Protein chains: 2
Amino acid sequence: MPAGDRMTQFDKALLGLRSMILSGEVEANSRLPEVQLSERFEISRTPLRKAMDLLVEEGLLERIETGGCRVASFTRSDIVDAIELRGVIEGTAARLAAERGASAADLAQCDRILDGIDAALDAPGGLDFDRYVALNAQFHAMLATLSGSAVMRREVDRVTRLPLASPSAFLQGQDLIPDFRESLRRAQHQHRALVAAIRGREGARAEALAREHARLARQNLDHVMKGDARLHARVPGLALVSAP
Amino acid sequence: MPAGDRMTQFDKALLGLRSMILSGEVEANSRLPEVQLSERFEISRTPLRKAMDLLVEEGLLERIETGGCRVASFTRSDIVDAIELRGVIEGTAARLAAERGASAADLAQCDRILDGIDAALDAPGGLDFDRYVALNAQFHAMLATLSGSAVMRREVDRVTRLPLASPSAFLQGQDLIPDFRESLRRAQHQHRALVAAIRGREGARAEALAREHARLARQNLDHVMKGDARLHARVPGLALVSAP
DNA sequence: ACCCGTGGTGATGTATACAAGATGGGCTCA
DNA sequence: TGAGCCCATCTTGTATACATCACCACGGGT
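Residue indices begin from 1 for each chain and proceed along its sequence in written order. Chains carry letters and ligands carry numbers; both start at the beginning, A for chains and 1 for ligands, and go up in the order they are written. In view of the model being predicted, local features appear only for residues whose pLDDT reaches at least 70, and side-chain atom pairs are presented and counted only at 80 or more, with totals across whole chains, interfaces and linings using the full set of residues. No hydrogens and no water enter the side-chain calculation; it runs on all heavy atoms of the structure.

K.L.:
Explain the side chain of Gln-190 of chain A residue by residue, including any values.
P.N.:
With respect to the element layout, Gln-190 of chain A can be found in helix α8 (residues 180-199). Between buried and exposed lies partly exposed: a residue is buried under 20% and exposed over 50% of the maximum accessible area for its type, with that area taken using a 1.4 Å probe on protein chains only. Overall, the relative accessible area of 18% leaves Gln-190 of chain A in the buried class. To qualify as a helix, a DSSP run of H or I must reach at least 4 residues; to qualify as a strand, a run of E must reach at least 2; elements of each kind are numbered from the N terminus.

Structure, rendered in structure tokens:
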């Protein structure tokens, strides 16, 4: 395997498939023919199949009983459940971090990230959205690290990749919404409280905060689903969501 | 793909690998050479590699940066964390079942399973161990179903397959321990309480019970690790556990 | 004696060929 | 005319061949 950062055929397949699916280019429940895709990506079926296997694990694709895969589709309640689950698992990471004690260095790193988010929120010329998303992801990854458990870290990573459950899944496009920045400030306030709880060894508080923090994503989901078509087109993966 | 129950080459590889690893035949951190294994199982590398990919996802194998896989090794605290995580996720399933309301039919099915466990505990001629293990697994699967959420069901299934975190991971061999049956009765009492909490729509109680119930597995783990060599040989996967 | 470069060896990643099975359309028969 | 069966086609699952890359030992130079 190419060590490090070289773009392997498998990566090409993975990125290509994700992009195809989330962009809505292929519609939900449609079958994905392997040869056609392998020709499109100019790779052989072997790495393509491996990428499809991974996407099945992630839940973006479903296996068909008779063989092959199709694009998965999600209901609102699927996504709500996935978000709830993320909150629960991040909450456990936060609780363990509080109970077991996080290192001063890691906590300081959290503070630095949160300072960065403050700066992104108050950037001259308005909200620096990309920077916010990147730092937000960093903060959530750091939360998993604070628990000091490789198992937790791994599972937080995993649940964060559940389709449409990531901390920044439904942020795209919301910068059009007037009080969006205010909502980000509320999120940031929760970030600060979360770190304070961990620092103060308040496990139950940390857990509850992380859970409620994740539920902010539910509001974002509803905002986006109620939005107009222009908004819909900007949100990756929204085409996979059916009504109920 | 062969629909249904035919034994495919992939299944052969998966079962063979799992058995090799859990039996301790290959030691922790040792590399798994693909060609050698494919010859041993009399299959080609293609389905073998797919099986290895899956085991990497499950955490039983680790990918080596330079390519290939090795057998993972676990510390006691890895397993404790995995058990805690299972408790948290099963707890969430139980809470959602209570909050959203489980169907009477599903609850009745739970009761039937629990009656079966009672029967297995009091079987003429002593504890019917295999029956207990099977019914216990059924009960835990049912718990996931009660939540009414496909997402929860999927993730409970998944976390139950984390290495050495399953509800029956460390039961093997414990029938040698005198008060083992008593410990199973305690577990069964928690099962009953759990169903009662869900039936009574007591979400927080259900969640707490499921968490504490999972932690019984921690006791089993410690019993087994303190046990003698005769016990060690009977517990699948214990060879992968290193001290700290 | 020790370090560095170089070639051999075996590993994995990828491509392609082959075979079994599913799918769909057309044909036959009632 | 409609229903059921059969065959062609395409799909996937598996096997195998090939290319590339890492690891390791050996030899030469300092």
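K.L.:
Would you mind going over unusual backbone geometry in detail, with residue names and values included?
P.N.:
Unusually for a residue other than glycine, Asn-29 of chain A sits at a positive phi of about 70°. Of note in the backbone geometry, Glu-42 of chain B takes a positive phi value of approximately 60° without being a glycine. Counting through the fold element by element, Glu-42 of chain B comes out in the loop between α2 (34-41) and α3 (45-58).

K.L.:
Account for the protein's contact with DNA strand C, naming residues and giving values.
P.N.:
Near is defined per residue: the residue qualifies when any heavy atom it owns lies within 4 Å of the molecule or strand. Close to DNA strand C lie 18 residues; Thr-8, Gln-9, Ser-44 and Thr-46 of chain A together with Arg-49 of chain B are nearest. Here DNA strand C approaches the protein such that, of its atoms within 4 Å, sugar and phosphate make up 75%. In the model, a phosphate oxygen of DNA strand C is placed 2.7 Å from a nitrogen or oxygen of the Arg-49 of chain B side chain. Those elements that place two or more of their residues in the surface near DNA strand C are α1 (9-22) and α3 (45-58) of chain A together with α2 and α3 of chain B. With three residues, the single largest contributor to the surface near DNA strand C is α3 of chain A. Grouping the amino acids of the surface near DNA strand C by side-chain chemistry returns seven nonpolar, six polar and five charged. By the criterion applied in these results, polar contacts are pairs of N or O atoms within 3.5 Å in which, for protein atoms, one can donate a hydrogen and the other can accept it, and in which residues neighboring in sequence qualify only through two side-chain atoms. Three classes are used: nonpolar for Ala, Val, Leu, Ile, Met, Phe, Trp, Tyr, Cys and Pro, charged for Asp, Glu, Lys and Arg, and polar for all others, with Gly counted as polar.

K.L.:
With reference to specific residues and values, describe the interface of chain A and chain B.
P.N.:
Taken together, the 33 residues of chain A in the interface contact 34 residues of chain B. Buried area, as used here, totals the accessible surface that two parts lose on assembly, with accessibility defined by a 1.4 Å probe and the loss added over both. Summed over both sides, the interface between chain A and chain B buries roughly 2700 Å², with carbon and sulfur atoms accounting for 50% of that surface. A carboxyl oxygen of Asp or Glu within 4 Å of a side-chain nitrogen of Lys or Arg is what we treat as a salt bridge. Put simply, chain A and chain B have 10 salt bridges between them. Where chain A packs against chain B, one counts 12 residue pairs in polar contact (both at pLDDT 80 or more). Of the residues forming the side of chain A that touches chain B, the biggest block, 10 residues, is contributed by helix α4 (residues 76-100) of chain A. For the side of chain A that touches chain B, the per-class residue count stands at 11 nonpolar, five polar and 17 charged. Only heavy atoms enter the contact rule, under which two residues are in contact if any of them lie within 4.5 Å.

K.L.:
Tell me about the environment of Phe-180 of chain B, residues and numbers included.
P.N.:
With respect to the secondary-structure elements, Phe-180 of chain B resides in helix α8 (residues 180-199). Sequence separation between Phe-180 of chain B and His-213 of chain B is 33 residues, and the spatial gap between their C-alpha atoms is 16 Å.

K.L.:
Can you break down the side chain of Glu-207 of chain B residue by residue, with the values?
P.N.:
Structurally, Glu-207 of chain B is set in helix α9 (residues 203-226). Using a relative accessible area of 8% as the deciding quantity, one classes Glu-207 of chain B as buried. Other than its neighbours up to four places away in sequence, Glu-207 of chain B contacts Arg-211 of chain A together with Gly-91, Thr-92 and Arg-95 of chain B.

K.L.:
Go over the relation of the copies chain A and chain B with me, naming the residues and quoting the values.
P.N.:
What relates the pair of chain copies is a rotation about an axis plus a shift along that axis. Copies overlap after least-squares fitting; the atoms used are the C-alpha atoms of residues with pLDDT of at least 70 in both. For the match of chain A to chain B, the screw axis carries a shift of 0.0 Å, the RMSD comes to 0.0 Å, and the turn is 180°. Such a combination of rotation and displacement between the chain copies is what one expects of a two-fold axis. Comparing interface residues between copies, 100% of those in chain A also lie at the interface in chain B; the contact surface is shared.

K.L.:
Account for the pattern of salt bridges, with residues named and values stated.
P.N.:
Evaluation of the coordinates by the stated rule reveals 52 salt bridges over all chains. The closest approach of N and O atoms between Glu-84 of chain B and Arg-95 of chain A, which form a salt bridge, is 2.7 Å. Of this pair, Glu-84 of chain B sits in helix α4 (residues 76-100) while Arg-95 of chain A sits in helix α4, which puts the two residues in different chains. The exposure class of Glu-84 of chain B is buried, given its relative accessible area of 7%. A salt bridge links Arg-158 of chain B to Glu-155 of chain A; the nearest nitrogen and oxygen atoms lie 3.9 Å apart. Of the two residues, Arg-158 of chain B is situated in helix α7 (residues 150-160) and Glu-155 of chain A in helix α7 (residues 150-160); the pairing between them involves two chains. Accessibility expressed as a relative area gives 10% for Arg-158 of chain B, which makes it buried. With relative accessibility at 4%, the residue Glu-155 of chain A sits in the buried group.

K.L.:
Tell me about the packing of aromatic side chains, residues and numbers included.
P.N.:
All names here are of chain A. Between rings of Phe, Tyr and Trp, where Trp is taken as its six-membered ring, a pair exists when centres lie within 6.5 Å; planes separated by under 30 degrees are stacked, by over 60 edge-to-face, and by other angles tilted. All told, the structure shown has two aromatic pairs over all chains when counted by the stated rule. With 6.2 Å between their ring centres and 50° between their planes, Phe-129 and Phe-180 make a pair best called tilted. One end of the pair, Phe-129, is in helix α6 (residues 129-146); the other, Phe-180, is in helix α8, with 51 residues separating them in the sequence. Phe-180 matches Phe-129 in its accessibility class, with the two residues each being buried. Charges are assigned to positions over rings by a cutoff of 6 Å between ring centre and Lys NZ or Arg CZ, combined with an angular limit of 35 degrees from the ring normal. Taking NZ or CZ as reference, Lys-50 lies 5.2 Å from the ring centre of Phe-10, over its face.

K.L.:
Break down the sheet that holds strand β2 (residues 61-63) of chain B for me, with residues and values.
P.N.:
Strand pairing in a sheet relies on backbone hydrogen bonds. The paired strands run either parallel or antiparallel. Residues and elements named next belong to chain B. At least two bridges found by DSSP between two strands is the condition for calling them paired. Within the open sheet, the three strands sit side by side as β1-β3-β2. Their pairing is antiparallel. With partners counted over all chains shown, the strands left at the sheet margins are β1 (31-32) and β2, one partner each. Relative to strand β3 (residues 69-71), β1 runs antiparallel, the two being bridged by two bridges. Counted as the bridge partner of Arg-31 is Arg-70 from β3.

K.L.:
A description of helix α2 (residues 34-41) of chain A should follow, citing residues and the corresponding values.
P.N.:
Residues and elements named next belong to chain A. For α2, the full list of buried residues reads Glu-34, Leu-37, Ser-38 and Phe-41. What you see down the axis of α2 is that its buried residues fit within an arc of 100°, all on one side. Looking at the buried positions of α2, the neighbouring elements they touch are α1 and α3. Following α2 by one or two positions, Glu-42 has its phi on the positive side, about 60°. This arc is built from the directions going out from the helix axis to the C-beta atoms.

K.L.:
A description of the packing of α4 of chain A against α8 of chain A should follow, citing residues and the corresponding values.
P.N.:
The geometry of α4 of chain A relative to α8 of chain A is characterised by a closest axis approach of 7 Å and an angle of 35° between their N-to-C directions. Here Ala-94, Ala-97 and Ala-98 of chain A of α4 of chain A lie close against α8 of chain A, whose contacting residues are Leu-194, Ala-197 and Ile-198 of chain A. Orientation is described by axes fitted as lines to C-alpha atoms, over the contacting stretch for helices, and by angles from 0 to 180 degrees between their N-to-C directions.

All we've got here are geometric facts, nothing functional implied.
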